Amino acid sequence: MLTILIVEDDPMVSSINKQYLMRIIKPENLTVYQTATAKKALAITKKINPNLILLDVYLPKTSGTELLEQFIQHNLHPNVIMLSAAKDSTNINMALKYGVLDYLLKPFSFKRFKEAIEHFLKYNEVLQKNNTVSQGELDHIFITQDMNNLNDETGLPKGLSDFSLTKIKTAISQLAGEFSNQDVARQSKLSRITTKKYLDYLEKTGKLSTKVHYLKVGRPIKIYKLNK
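Note that the coordinates shown come from a computational prediction; the quantities given were computed from them, not determined experimentally. (Residues numbered from 1 in each chain as written. Predicted model: local features only at pLDDT ≥ 70, side-chain atom pairs only at ≥ 80, totals over all residues. Heavy atoms only, no water.)

1. Let's talk about the overall build of the protein chain
Then comes step 1: When helices and strands are counted, the protein chain shows 10 helices and eight strands.
Then comes step 2: Residues classed as buried in the protein chain amount to 43% of the 228 residues present.
Then comes step 3: Carbon and sulfur atoms provide 52% of the accessible area of the protein chain, an area that totals close to 12900 Å². (Helix = DSSP H or I, 4+ residues; strand = E, 2+ residues; numbered from the N terminus. Buried < 20%, exposed > 50% of the residue type's maximum accessible area, 1.4 Å probe, protein only. Areas by Shrake-Rupley, 256 points an atom, 1.4 Å probe, with all protein chains shown as cover.)

Have a look at this one:
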């Protein structure tokens with residue numbers, strides 16, 4: 001049985017999210033809690049420790065990202081998917097630092113919502129195992145999610161997601177001067193295979209310039225620089 005908490009101050013949106021969940025997970029395997037405030041969400045999380053929280057950023061009095069900080073302060077570490085209209089880098093960066101499983105920008109499609117929930121279900125299934133986890137299972141969670149989390153409305157090339165692109169841009173903004181693909185992978189905590197795709201895209205769209213750096217030993221590497 002899965003318990004999922006929806007934290008959303010718009011009753012209609014909260015109801016739609018619940019309906020979406022029940023289209024993906026069999027009702028007999030699911031218990032859904034709903035609340036409109038961060039204060040109540042914290043109290044519910046302390047009491048039931050839900051498997052997943054669907055969290056909005058814009059909540060009355062205490063925001064969703066402030067609630068993430070409260071979780072840490074109370075030694076709570078629930079799995080969280082952000083569902084919000086907040087597109088600013090501050091809120092997104094705070095969510096990434098917490099380690100949210102996904103970040104969906106409103107309005108999102110049922111397809112995108114389903115992909116996020118299915119990724120969580122795979123993640124939860126692996127971590128609920130009593131035995132050890134293989135590298136292949138971990139790769140399936142952490143690498144392939146970027147290929148699955150696609151939004152047809154972003155206008156990005158197939159295989160790229162708006163969420164991951166934002167994560168890459170945030171990592172680049174934190175790197176001073178020139179940088180390599182390895183630097184971006186380390187900063188963003190994504191695989192080098194994933195970050196390379198986004199760096200190639202940013203180069204093609206003129207956001208980055210590149211040069212080749214020849215090493216004394218080994219293959220040359222490509223160095224990137226953010227264009228002003």
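2. Digging into unusual backbone geometry
Then comes step 1: Omega for the peptide link from K106 to P107 comes to -5°, which places this bond in the cis form.
Then comes step 2: Its place among the elements puts P107 in the loop between β5 (102–105) and α5 (110–127).
Then comes step 3: Positive phi, normally seen in glycine, also occurs at N49, with a value near 50°.
Then comes step 4: Turning to its location among the elements, N49 is positioned in the loop between α2 (38–48) and β3 (52–55).
Then comes step 5: Phi is positive for N75, close to 55°, though the residue is something other than glycine.
Then comes step 6: Among the structural elements, N75 can be located in the loop between α3 (64–73) and β4 (80–84).
Then comes step 7: Using a relative accessible area of 60% as the deciding quantity, one classes N75 as exposed.

3. Description of the side chain of T45
Then comes step 1: Position of T45 among the secondary structure elements: in helix α2.
Then comes step 2: For T45, a relative accessible area of 1% corresponds to the buried category.
Then comes step 3: Of note is the side chain of T45, whose polar atom sits 2.7 Å from the backbone oxygen of A41.
Then comes step 4: Leave out the neighbours within four places in its chain, and T45 touches L5, P50, I53, F71, L76 and P78. (Polar contact = N/O pair within 3.5 Å; in protein donor to acceptor, adjacent residues only side chain to side chain. Contact = heavy atoms within 4.5 Å.)

4. Thoughts on the sheet that holds β5
Then comes step 1: The five strands are arranged β2-β1-β3-β4-β5 in an open sheet whose pairing can be described as parallel. Each having just a single partner strand, β2 (30–35) and β5 make up the two edges of the open sheet. When the angles between neighbouring strand axes are averaged without regard to direction, this sheet yields 15°.
Then comes step 2: In this structure, β4 lies alongside β5, joined through four bridges in parallel fashion. Its bridge partner lying in β5, S84 is registered against L105.
Then comes step 3: Strand contacts of α3: β3 and β4, with the helix running at about 150° to β3, the strand carrying the most contacts. (Pairing = 2+ DSSP bridges. Axes fitted to C-alpha atoms, helices over the stretch in contact; angles between N-to-C directions.)

5. Brief notes about the packing of aromatic side chains
Then comes step 1: If you walk through the whole model with that rule in mind, you get four aromatic pairs.
Then comes step 2: Ring plane angle 65° and centroid distance 5.0 Å describe the contact between Y20 and F110, whose orientation is recorded as edge-to-face. Highlighted residues: Y20 in helix α1 (residues 11–24) and F110 in helix α5, separated in sequence by 90 residues. With respect to burial, Y20 and F110 carry one shared label: buried.
Then comes step 3: Taking 5.9 Å as the distance between ring centres and 15° as the angle between the ring planes, the aromatic pair formed by F108 and F113 counts as stacked.
Then comes step 4: By way of ring pairs, the aromatic residues Y20, F108, F110 and F113 are connected into one cluster.
Then comes step 5: Above the face of the F110 ring, R23 is positioned so that its terminal group lies 3.8 Å from the ring centre. (Phe/Tyr/Trp six-rings, centres within 6.5 Å; stacked < 30°, edge-to-face > 60°. Lys NZ or Arg CZ within 6 Å of the ring centre and 35° of its normal.)

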